[in-house]
Amino acid sequence: MTHRFLLGTATALAFALPAFAQDDDLLVFDYSGFEDPSFHQPYIDQHGESPTFVFFGDEDEAFQRLVSGFRSDVTHICAGSVPRWQASGIIEAWDTGRIPAFGDLDGSLLGEDVMAGTAELFFLPTDYGSTAVTYNTDEVTAEQVASLQVFNDPAFAGRLSIPDNVDDAYALAYLATGVSDWSDVSDAQFEAATDWLRSIHENLRTYWTDPGELGQLMGSGEVLVAWAWNEVPVALADEGFPVGFERNTTEGTSVWLCGYVNMADGPGSEDKTYDYVNALLDVASAQPLIEGGFGSANTVALNALGAETLEANGLGEVTVPVLAQLPISNEQRQRQAEAFERIKAGF
């Protein structure tokens, strides 16, 4: 999965390059952009400098580098990658007793699947966001986007877009076909979601690959309605674009989840590894994170920002079912990935 950041292709160009080498005792393997000092200011206050960061373009690349011998202390991934990383043996469990904010983490983001079905925590949620219907309010009415079936509306044929991302695509398809929990879908539910994705394929202008691309497509008027991450409408609104973000669609909405894994046999300081993730979950980091398009997984820190701020950033309360993109089995994710590639190829 490509992380949610308005960086376009710059992320891919930055892979494997250190942002800046500072604290040699801690190496963070991450997406470009997360080296922002304001995201981990408590760590800087404690140690006088930021960790050393090395970047990757996507999580498949990061995984291959790590299993091939590259070593980091802590790595930033999204929930869908967790089962494969855990099965590989390259990560170890977190000691939740060393994470003061653990008891304040959002319960809906810290379910049995995140815990990998064990008493141990291998994935520490730190940041999340929402995926919902983004639309041009000058040309599309709120009534027209009240249902996810807008993606099947012939009135918008050729002016619709969804992410080129299997997790987001299937989150949309499951919701559209009546499923709001993808942790244990039946074969029939998978087939229904796959058929629905296939049914909208001809209506799509494109499968967008990064938020910057989608912003341009919507800004030019090529795309009127999209399934998009919450920072997209915020960025468009900041530019004066007439944009709406409808999370309360009849069938439901989705949230995605990312966080950090503790690398087994990391070369640096384990104490500083905990200091770093604790800094990200600190109340002081919530405001900078939301300005970057991310909600803090720490509910106390997030709620301290106020309901108005959360709503303005696409993270307000909703009254419809929410499909949380928690980890699923490798088998299910592979089945979805294969089907999605066939659909995009026109089959």
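## Comments concerning the overall build of the protein chain
No. 1: For the protein chain, the helix and strand inventory stands at 13 helices and 12 strands.
No. 2: Against the globule reference of 20 Å for 347 residues, the protein chain gives a C-alpha radius of gyration of 20 Å, in line with a compact fold.
No. 3: Each principal axis of the C-alpha distribution contributes one length, and for the protein chain these read about 55 × 45 × 35 Å.
No. 4: Relative to its 347 residues, the protein chain shows a buried fraction of 54%.
No. 5: Once local pairs closer than 6 in sequence are excluded, the contacts in the protein chain between residues at least 24 apart make up 78%.
No. 6: Carbon and sulfur atoms form 48% of the exposed surface of the protein chain, whose accessible area is close to 13400 Å².
No. 7: In the protein chain, 14 side chains carry a positive charge and 54 a negative one; their mean positions are 8 Å apart.

## Brief notes about the pairing of strand β1 (residues 23-30)
No. 1: When you tally the buried positions in β1, you get 6 out of 8 residues, the bulk of the element.
No. 2: Pairing between β1 and strand β2 (residues 51-55): 5 bridges, direction parallel. Its bridge partner lying in β2, F29 is registered against V54.
No. 3: Handedness of the β1-helix α2 (residues 41-47)-β2 crossover: right-handed.
No. 4: In this structure, β1 lies alongside strand β3 (residues 74-78), joined through 2 bridges in parallel fashion. The residue bridging F29 from the neighbouring strand is T75, located in β3.

## Description of the state of the cysteines
Disulfides are covalent bonds that link the sulfur atoms of two cysteine residues.
No. 1: Across all of its chains, the model carries 1 disulfide by this definition.
No. 2: Each sulfur of the disulfide joining C78 and C258 lies 1.9 Å from the other. Since a negative S-S torsion denotes a left-handed disulfide, the C78-C258 link at about 75° is right-handed. With C78 in strand β3 and C258 in strand β10 (residues 253-263), the pair connects residues that are 180 residues apart, well separated along the chain.

## Remarks on the packing of helix α5 (residues 166-176) against helix α13 (residues 330-344)
No. 1: Between α5 and α13, the least distance of the axes is 10 Å, while the angle of their chain directions is 90°. On the basis of their axis angle, the class for α5 and α13 is roughly perpendicular. Along its contact with α5, which presents V166, D167, A169, Y170 and Y174, the element α13 presents Q332, R333, Q336, A337, A339 and F340.
No. 2: Along the lines of polarity and charge, the residues of the contact of α5 with α13 split into 7 nonpolar, 2 polar and 2 charged.

## Focus on the pattern of salt bridges
No. 1: By the definition in use, this model includes 11 salt bridges.
No. 2: In this structure, E139 engages R159 in a salt bridge whose closest nitrogen and oxygen atoms are separated by 4.0 Å. In this pair, E139 sits in the loop between β5 (124-136) and β6 (160-163) while R159 sits in the loop between β5 and β6, placing the two residues 20 residues apart along the sequence.
No. 3: Close ionic contact of E341 with K344 constitutes a salt bridge, the shortest N to O distance being 2.9 Å. Placement of the pair is E341 and K344 together in helix α13, with a separation of 3 residues, close to one helical turn.
No. 4: Overall, E341 belongs to the partly exposed group, its relative accessible area being 46%.

## Here we look at unusual backbone geometry
No. 1: Despite not being glycine, D265 has its phi angle at roughly 60°, a positive value.
No. 2: Within the secondary structure, D265 is located in the loop between β10 and α9 (270-280).

## A closer look at the packing of aromatic side chains
The description of an aromatic ring pair uses the distance of the two centres, along with the angle that the planes make with each other.
No. 1: Taken as a whole, this structure holds 16 aromatic pairs when the rule is applied.
No. 2: Between the aromatic rings of Y174 and W182, the centroid separation amounts to 6.4 Å while the plane-to-plane angle is 85°, which identifies the pairing as edge-to-face. The exposure classification of Y174 matches that of W182, with both residues buried.
No. 3: Plain terms: the ring middles of W256 and F294 are 6.3 Å apart, the flat faces sit at 85° to each other, and that makes the pair edge-to-face.

Reading the values: rules and limits
Residues numbered from 1 in each chain as written. Predicted model: local features only at pLDDT ≥ 70, side-chain atom pairs only at ≥ 80, totals over all residues. Heavy atoms only, no water. Helix = DSSP H or I, 4+ residues; strand = E, 2+ residues; numbered from the N terminus. Rg over C-alpha atoms; globule rule 2.2 N^0.38 Å. Buried < 20%, exposed > 50% of the residue type's maximum accessible area, 1.4 Å probe, protein only. Contact = heavy atoms within 4.5 Å. Areas by Shrake-Rupley, 256 points an atom, 1.4 Å probe, with all protein chains shown as cover. Lys, Arg positive; Asp, Glu negative; His and termini not counted. Charge placed at Lys NZ, Arg CZ, Asp CG, Glu CD. Pairing = 2+ DSSP bridges. Right-handed = clockwise from strand over helix to strand, strands pointing away. Disulfide = S-S within 2.5 Å. Axes fitted to C-alpha atoms, helices over the stretch in contact; angles between N-to-C directions. Parallel < 35°, antiparallel > 145°, perpendicular 65-115°, else oblique. Nonpolar A, V, L, I, M, F, W, Y, C, P; charged D, E, K, R; others polar. Salt bridge = Lys/Arg side-chain N within 4 Å of Asp/Glu carboxyl O. Phe/Tyr/Trp six-rings, centres within 6.5 Å; stacked < 30°, edge-to-face > 60°.

Note that all results are geometric; they support no functional claim without further evidence.
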